[in-house]
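# Report on the structure
Next come the chains, spelled out residue by residue.
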Amino acid sequence: MKKIIILLLLVGLSFSTNAQIADELKKELASKKDSISKLQSKASAIQKKIDALPGWRKGAFGTVGMSLSGFNNWYARNAPDADAGNIGITVNAFANLIQDKFFWRNSMNINLGWVKLDDKSVSGDEGFDTATDVFNINSLYGRRLNKKWAVSGLLEYRTTIIDNFNDPGYLDLGAGFTWTPTSNLVVVLHPGNYNFVFSSGNTVFESSLGAKILADYNAKFNKLSLKSNLSIFQSYDSSDLSNWTWTNALGYTLWKGIGLGFEFGLRNNKQEALNNALISDPSATFASLDNKLQSYWLFGLSYSF
């Protein structure tokens, strides 16, 4: 009986000692975490000072999405022998020269996608078809009036590069003012802007004079990269010639620049909608047009450097 009591006392003492050690280790861990947090705050403050220095800022990130599948003698399907695939690639890059008296900001967005559905029982085209096709570059130069406002000039070009390159293509040239409330946000306000529209043959596309509004946000929060761009052209001739495009890209790094990415875009362009409607309805006009919102999205692996 005495041996049992002694054993129970030893077990209880062991549990008490382990609990005490665990409490001490938890306190030490909390102290270390607090120190790490303070060091991280200091490092972030130093990085902000580095980012504020004059000079070039460069960066790029994007997303790669892919799915491939094949079926052979899979009789549960309507097409038992078929191959399918979907491939998408996006690139978002920027190169900005920031000086005390002026700035020169350049950015590029590319989104290319291909899709394939090949029913082997039906002869025909077995290659990949274009799914998304977006190419956008812009260059903004500004002379500072103060820390937040500048007199500026903008060149922006948008088109497709896989199908119908520069048909249509949009070139905006304009001047006005640029507002930079933070280092990550740029807002362009150009009341004098000419929207050149390039197209082949007898088409509905027209160039016109109007106002240009562009907002670009580019930031990195630890492992998360974020880019959002809104480009608006408001024609002075007719609202039918106006257009806007909004693209958004997110990338989360998991390991050595590789992670998960998501991109989506929205566009409203009556000229493009009418040009597409005329293929099936030659009598279509701006007045009879059902101008639906254009959109695309892509999810997959991301990369950054």
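All figures in this text were calculated on a predicted structure; none of them were measured in a lab.

As enumerated under the stated definition, the model contains seven salt bridges in all. Glu156 is the partner of Lys212 in a salt bridge, and the nearest nitrogen-oxygen pair spans 2.5 Å. You can see Lys212 sitting in strand 8 (residues 208–221) and its partner Glu156 sitting in strand 5 (residues 149–159), a full 56 residues away along the chain. With a relative accessible area of 1%, Lys212 lands in the buried category.

Take empty space enclosed by the protein next. Per the counting criterion, the structure on display carries two cavities of 30 Å³ or more. Approximately 100 Å³ is the volume attributed to the largest cavity. Class assignment of the residues belonging to the lining of the largest cavity gives a composition of three nonpolar, seven polar and one charged. Lining the second largest cavity are Phe61, Lys223, Ser225, Gly251, Thr253, Ser302, Tyr303 and Ser304. For the lining of the second largest cavity, the secondary-structure elements that each account for two or more residues are strand 10 (243–255) and strand 12 (294–304). Sort the elements by how many residues they give to the lining of the second largest cavity and strand 12 lands first, with three residues. Each residue belonging to the lining of the second largest cavity can be placed in one class, and the counts come to two nonpolar, five polar and one charged.

Right, let's talk about the environment of Asn268 for a bit. As for its position among the elements, Asn268 is in strand 11 (residues 258–269). Linking Asn268 and Ser242, residues 26 residues apart in sequence, is a C-alpha distance of 8.6 Å. If we ignore the near neighbours within four places in the chain, the residues touching Asn268 are Ser242, Asn243, Trp244, Asn291 and Leu293. Within the structure, Asn268 has its side chain in polar contact with the side chain of Asn291 (distance 3.1 Å).

So, on to the nonpolar core. Ile98, Phe103, Leu140, Ala150, Leu154, Val186, Val188 and Leu214 together form the largest nonpolar core, which totals eight residues. Of all the elements in the fold, those that place two or more residues in this core are strand 5 and strand 7 (185–198). The contact partners of Ile98, leaving out residues within four places of it in the chain, are Pro54, Gly55, Arg57, Phe103, Arg105 and Arg144.

About the cut-offs
- In every chain, residue numbers begin from 1 and rise along the written sequence.
- Note on the predicted model: pLDDT of at least 70 is required for a residue's local features to be given, and 80 or more for side-chain atom pairs to be given and counted; whole-chain, interface and lining totals, by contrast, use all residues.
- Hydrogens and water are ignored here; the side-chain numbers use all heavy atoms of the structure.
- Salt bridge, as applied in this entry: a Lys or Arg side-chain nitrogen positioned within 4 Å of an Asp or Glu carboxyl oxygen.
- A run of H or I in DSSP counts as a helix once it spans at least four residues, and a run of E counts as a strand once it spans at least two, with each numbered from the N terminus.
- Each residue's exposure class comes from its accessible area (1.4 Å probe, protein chains only) as a fraction of the maximum for that residue type: buried when under 20%, exposed when over 50%, partly exposed otherwise.
- Grid spacing is 1 Å over the protein atoms alone, the probe is 1.4 Å, and a cavity is where that probe fits but cannot get out, while a pocket is an open set with protein on both sides within 12 Å along at least five of seven lines and lining residues have an atom within 4 Å of a point.
- Grid points are joined across faces, edges and corners, and a volume is the space filled by probe spheres set on the points.
- Lys, Arg, Asp and Glu make up the charged group, whereas Ala, Val, Leu, Ile, Met, Phe, Trp, Tyr, Cys and Pro make up the nonpolar group; the residues left over, Gly among them, are polar.
- Contacts were defined at the residue level, with two residues in contact if any of their heavy atoms lie within 4.5 Å.
- The definition of a polar contact used here is a pair of N or O atoms within 3.5 Å, where within protein one atom must be able to donate a hydrogen and the other to accept one, and adjacent residues in sequence count solely through side-chain atom pairs.
- We define the nonpolar core as a collection of buried residues of types Ala, Val, Leu, Ile, Met, Phe, Trp, Tyr and Cys that are connected through side-chain atoms lying within 4.5 Å of one another.

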